[in-house]
2 protein chains.
Amino acid sequence: MTDTKKKTVLVIGGGSVGAIAALNLEFGGLATVTVVLRSNFKVVKENGYSIESCDHGSVKAWRPAFVRNEVPNIAAESLPPYDYIVLTTKNIPDVPPTISTLISPALPANNTHTTLVLIQNGLNIEKPIIQAYPHTPVLSGVSLIGSEETAPGTIVQDDRDRLLIGAFNNPNLDAETATSRAKEFVTIYGKGGKTEVSYSDNVAHDRWRKLVYNACLNPICAITGLDTGRIRLADGSVEGLVRPAMREIVAAAKANGVVLGEGVVDDMIEVDPLDLYLSPSMLADVRKANFIEFENLLGEPLREGKKVGVQMPTLEVLYHIARALQWRTKEGRGLVDIPEKRKH
Amino acid sequence: MTDTKKKTVLVIGGGSVGAIAALNLEFGGLATVTVVLRSNFKVVKENGYSIESCDHGSVKAWRPAFVRNEVPNIAAESLPPYDYIVLTTKNIPDVPPTISTLISPALPANNTHTTLVLIQNGLNIEKPIIQAYPHTPVLSGVSLIGSEETAPGTIVQDDRDRLLIGAFNNPNLDAETATSRAKEFVTIYGKGGKTEVSYSDNVAHDRWRKLVYNACLNPICAITGLDTGRIRLADGSVEGLVRPAMREIVAAAKANGVVLGEGVVDDMIEVDPLDLYLSPSMLADVRKANFIEFENLLGEPLREGKKVGVQMPTLEVLYHIARALQWRTKEGRGLVDIPEKRKH
């Protein structure tokens, strides 16, 4: 059934990032990919993906080797363990299930074989996983892709897939193992030549650098309801909100041993072209009344900065507002009970 | 036409606060009231107000002595100057017209006769007016009424009208003049006995005290989309946002010579009953895509606090977010131009 020379890869989350990842992995010819889908399962199962990509051109009715609507239970199905499990879902630790719970059925007991690849944003996302599966190699994927699922199974990728892969520090494993898995994954992922994937030996730097955008612009846009173009036009928002927040992240990174380049604040303010009026993920999520990834993107860098004595007053307020927005979404979904309204 | 023993009062703004003010003023028998209306002019002109009031009971088809749809131009109409002009509109200095411009046609040149009464929230609202009309007595009205215009001309007042009247400091006038006008206005307003109006000799205290609610809970609710009940239930919002913001206002007040009572923070957190889920004014305005009074309620206390060296990191962030929300409303109303979206 499966080509035994190929690596088996389970991609959990087949949205705009996961679909392109699956495509790159299969396109290189070194992997057999199983994709776990939810909302778009039926469409992709029946018709495949329809992809318009700046990297791959027009790809119609494309199906990965296997498509599933839930995470496979390898013990119950007597499946061999996957070589790689790639996570491309949102990572929202404050709303169940956690990533650790989600992947559990697909991991063998006392796993050392399967390597996890977290193509997810934020800080400390590996920690609960390493705690739950101490000998599992866990890789960091920092993606700069611009892609969108415009309809179920329809992916428009209009900005190149640039992916930085490195090994998260795992005190239970020798560094060599994790590093060699990272380099192998880069080879498998990049083999097709249609993507910019590279190995990084500085995961902390990759992640803190992206947080300059994700802990600042992302929640500020979500809270104000303004996209990354409009926030640059709105009276005083860049100088009053965006820049102070970004400076706090740069300071927190530095206090944690990560020196970001001099121009990183301006680079991140201008990374989205003003006149494309792009909505970062949290703004898109707030508009759809979806949960936001505020704990990993905002809460963790805030806590890491404060832990080493960095003053972060702007992020502190943004964090608590984001938390209130998350509570509002929870209430909207019936996840919190509140006292009945009094008739006065 | 006008009973010459009565004082003439022009009430600008005949919504939920102005209608009850007009009713109290006429009910006492000491004033002839002209109300300037906008959106509800036609309804009130034709049918009068329909008022359900905890103070006045059910009042049907009630009309003040005169109803107008714009501020009278007393020079052009050869009208005698009003004894009092009461402002009950929103006060939004960042969106024209300013209050000074609005009242201009109703004030005589080099006015000393007409007393202005600002039943409006926030700090320093008298300053642009005294600058424009240096010898005009200006009174502060701090209102704690609970009333709502549920349909044009239909007012539901379900919480008592409590009004504190005092004289703003005006360096161009002797204190006696302003004080005697304030006391006279209290007499006129309270004569009917259906309201709790009183004279206050500490306007700064009255205003800073109300800011503990209005500079903090009000914008926090507007920004998070949560009412004053829900904000008390939402994970960490009171301790993470509301209380730190309120403490900053208490500190700014103190540094400006106004000592607020020990329990003011808790009092203001709990002033709205949790299970009524009341929406403060800025939240109601954001929901209707109306402009918010953020400059007088939030910007001025922030500036006054910082001027005397008080650290106000929470209010600083809330201020800039509120300013971004205001910009969004301006864009929605076509008041700002932005570059066209690029076709990519």
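Rules behind the numbers
Here, residues in each chain are numbered from 1, in the same order as that chain's written sequence. Naming scheme: in the order in which they are written, chains are lettered from A and ligands are numbered from 1. The model is predicted, so local features are restricted to residues of pLDDT at least 70 and side-chain atom pairs to those at 80 or more, both for listing and for counting; the totals for chains, interfaces and linings are taken over all residues. The basis for the side-chain values is all heavy atoms of the structure; hydrogens and waters are excluded. Note on conventions: DSSP H or I runs of at least 4 residues are helices, E runs of at least 2 residues are strands, and numbering of each starts at the N terminus. Accessible area is worked out with a 1.4 Å probe on protein chains only. A residue is then buried under 20% of its type maximum, exposed over 50%, and partly exposed in between. We call two residues in contact whenever any of their non-hydrogen atoms come within 4.5 Å of each other. The Shrake-Rupley method, run with a 1.4 Å probe, gives the accessible areas here. Residue values count only the displayed protein chains as cover. Each helix should span, by expectation, one fewer than its residue count multiplied by 1.5 Å. When the copies are superposed, the least-squares fit takes in the C-alpha atoms of residues with a pLDDT of at least 70 in both. A pair is scored as a salt bridge if a Lys or Arg side-chain nitrogen falls within 4 Å of a carboxyl oxygen belonging to Asp or Glu. Defined in terms of a 1.4 Å probe, buried area is the accessible area two parts forfeit on being brought together, summed over both. UniProt positions are given in the numbering used here, feature names are shortened, and annotations may be inferred rather than shown by experiment.

1. Re the overall build of chain A
Alright, step 1. Helices and strands together make up the secondary structure of chain A, namely twelve helices and twelve strands.
Alright, step 2. Reported as C-alpha extents along the three principal axes, the dimensions of chain A are approximately 60 × 50 × 40 Å.
Alright, step 3. Of all 344 residues assigned to chain A, the portion counted as buried reaches 53%.
Alright, step 4. In chain A, the proportion of contacts linking residues at least 24 apart, taken out of those at least 6 apart, comes to 70%.
Alright, step 5. Accessible surface, chain A: about 14700 Å² in total, of which carbon and sulfur atoms supply 50%.

2. A short note on helix α11 (residues 294–307) of chain A
All names here are of chain A.
Alright, step 1. For α11, spanning 14 residues, the distance from its first C-alpha to its last is 18 Å, which sits close to the expected 20 Å at 1.5 Å a residue.
Alright, step 2. In terms of burial, α11 is a largely internal element, eleven of the 14 residues being buried.
Alright, step 3. Where the residues of α11 are buried, they touch α4 (127–132), α6 (203–224), α8 (237–255), α10 (281–287) and α12 (313–332).
Alright, step 4. In the stretch just after α11, G309 is the one whose phi turns positive, near 85°.

3. Considering the relation of the copies chain B and chain A
Alright, step 1. At an RMSD of 0.0 Å, chain B and chain A line up after a rotation of 180° and a shift of 0.0 Å along the axis. Each copy turns onto its partner about a two-fold axis. Taking the C-alpha atom as reference, chain B places P313 of chain B closest to the rotation axis, 3.0 Å from it.
Alright, step 2. Taken together, the interface assignments show that 100% of the residues at the interface of chain B recur at the interface of chain A, consistent with an identical surface on both copies.

4. Here we look at the pattern of salt bridges
Think of it this way: side chains of opposite charge can pair up when their charged atoms draw near.
Alright, step 1. Using the criterion set out here, one finds 38 salt bridges over all chains in the structure.
Alright, step 2. The residue K7 of chain A makes a salt bridge to E184 of chain A at a minimum N-O spacing of 3.5 Å. Remark: E184 of chain A occurs in helix α5 (residues 175–190) and K7 of chain A occurs in strand β1 (residues 7–12); sequence separation between them is 177 residues.
Alright, step 3. Relative accessible area serves as the criterion here: at 28%, K7 of chain A is assigned to the partly exposed category.
Alright, step 4. Across the pair K330 of chain A and D235 of chain B runs a salt bridge, and its minimum N-O distance is 3.8 Å. One end of the pair, K330 of chain A, is in helix α12; the other, D235 of chain B, is in the loop between α7 (230–233) and α8 (237–255), on a second chain.
Alright, step 5. Several salt bridges share partner residues, and in doing so they unite D55, R160 and E196 of chain A into one network.

5. Details of the interface of chain B and chain A
Where the parts come together, the accessible area they lose is often given as the size of the interface.
Alright, step 1. Contact residues are listed per partner, giving 37 residues for chain B and 37 residues for chain A.
Alright, step 2. Buried area between chain B and chain A, both sides added, is near 3500 Å², and the carbon and sulfur share of it is 64%.
Alright, step 3. Three residues stand out in chain B for area buried against chain A, namely D235, W327 and R342 of chain B, and they jointly supply 17% of the buried area on that side.
Alright, step 4. Across the chain B-chain A interface, the total number found is six salt bridges.

6. A short note on the UniProt feature "domain: Ketopantoate reductase N-terminal" (unreviewed entry) in chain A
Alright, step 1. As annotated by UniProt and renumbered to match this structure, "domain: Ketopantoate reductase N-terminal" (unreviewed entry) occupies residues 9–169 of chain A.
Alright, step 2. As annotated, residues 9–169 of chain A comprises 19% helix and 35% strand, and the C-alpha atoms at either end are separated by 22 Å.

7. Describing unusual backbone geometry
Alright, step 1. The residue after P96 of chain A, namely P97 of chain A, is reached through a cis peptide bond having omega -5°.
Alright, step 2. Positionally, P97 of chain A belongs in the loop between β6 (84–87) and α3 (99–103).
Alright, step 3. In this structure, N124 of chain A takes a positive phi of about 65° despite not being glycine.
Alright, step 4. Its location among the elements puts N124 of chain A in the loop between β7 (115–119) and α4.
Alright, step 5. Classification of N124 of chain A by relative accessible area gives buried; the value is 14%.
Alright, step 6. Positioned with a positive phi, Y277 of chain B is a non-glycine residue whose angle comes to about 50°.
Alright, step 7. For Y277 of chain B, the position within the fold is in the loop between α9 (264–269) and α10 (281–287).

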